[in-house]
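# Overview (structure and organization)
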Amino acid sequence: NKKNEMCDIQQFTKDLIGLSQVNPTKRKIIGFKEIRFTVQQLNDMSEHVFPCAKFIVNIRSDTVAQHKSLFQSRKSIQQLSERNNQFLDWAEKHQKQSFVLPLEDFDVTHFNSILRWVGIEGCNYTKVVHANDHGYNFPPKNTTILNNESSCQFL
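Just so we're clear, the structure is a prediction, and the values are computed from it rather than from any experiment. (Residues numbered from 1 in each chain as written. Predicted model: local features only at pLDDT ≥ 70, side-chain atom pairs only at ≥ 80, totals over all residues. Heavy atoms only, no water.)

### Points about the pairing of strand β1 (residues 55-59)
Filter applied, for reference: Note on classification: 1.4 Å probe, protein chains only; a residue is buried when its accessible area is under 20% of the maximum for its type, exposed when over 50%, partly exposed between these limits. By definition, any uninterrupted DSSP run of H or I lasting at least four residues is a helix, any uninterrupted run of E lasting at least two residues is a strand, and each is numbered from the N terminus. Paired strands are those between which DSSP finds at least two bridges.
Side chains Phe 55, Val 57 and Ile 59 project from β1 onto a buried face, and the interleaved Ile 56 and Asn 58 project onto a face without burial. The sheet contact formed by β1 and strand β2 (residues 98-102) spans five bridges and is parallel. When the sheet's bridge partners are listed, Ile 56 is paired in β2 with Phe 99.

As structure tokens, then:
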């Protein structure tokens, strides 16, 4: 039946991102990044597979700069703008389960807003790690980006 199918897809997704190894009583929020979904696929995921999920919708407002990136150079600026608008329209129709975060707004204030939106209180981001600044230069492994991390509470 359809419900069992959707549950199987949920379980497969959790297995795929390594959550089968995590104690479910300690896990409050799970997530992953997906950059290849179309709006229709996102709609299907939100309605059928993960109806209780929250989605952070990342777009790049500067489509000229986006067009210059390696991954988007094959699409026209017009196509990139249209795709952004499709995702923004989806987010507008799904306000309770979507948070729009343009790349240009990757900052401490907006990331702290995401913490509150997903129900985390008691801690804040202190900085945003930029992993692909002039190439992929990952920060040192022990970089702290949250203050009071041990006091983060899931509401």
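The rest of the description comes next.
### Regarding the pattern of salt bridges
How we decide: The rule for a salt bridge is simple: a side-chain nitrogen of Lys or Arg has to be within 4 Å of a carboxyl oxygen of Asp or Glu.
A full pass over the atoms with the stated rule returns one salt bridge. In this structure, Arg 116 and Glu 121 form a salt bridge, with 3.8 Å as the shortest nitrogen-oxygen distance. The class of Arg 116 is partly exposed, set by a relative accessible area of 29%.

### Regarding the environment of Thr 38
Within the secondary structure, Thr 38 is located in the loop between α1 (2-16) and α2 (39-49). Placed 49 residues apart in sequence, Thr 38 and Phe 87 show a C-alpha to C-alpha distance of 8.5 Å.

### Describing the nonpolar core
The criterion, for reference: The definition of a nonpolar core used throughout is a set of buried Ala, Val, Leu, Ile, Met, Phe, Trp, Tyr and Cys residues joined through side-chain atoms within 4.5 Å. Any two residues whose heavy atoms approach within 4.5 Å at even a single point are treated as in contact.
One finds Phe 99, Leu 101, Phe 111, Ile 114, Leu 115, Trp 117, Ile 120, Cys 123, Tyr 125 and Leu 146 forming the largest nonpolar core, which totals ten residues. Every element with two or more residues in this core is listed here: β2 and α5 (108-117). Per element, the largest residue contribution to this core is four residues, and it comes from α5. When sequence neighbours within four positions are dropped, the list of residues in contact with Leu 101 reads Ile 56, Val 57, Asn 58, Ile 59, Phe 106, His 110, Phe 111 and Ile 114. Core analysis: the next-biggest nonpolar cluster, separate from the first, contains eight residues, Val 39, Val 57, Trp 90 and Ala 91 among them.

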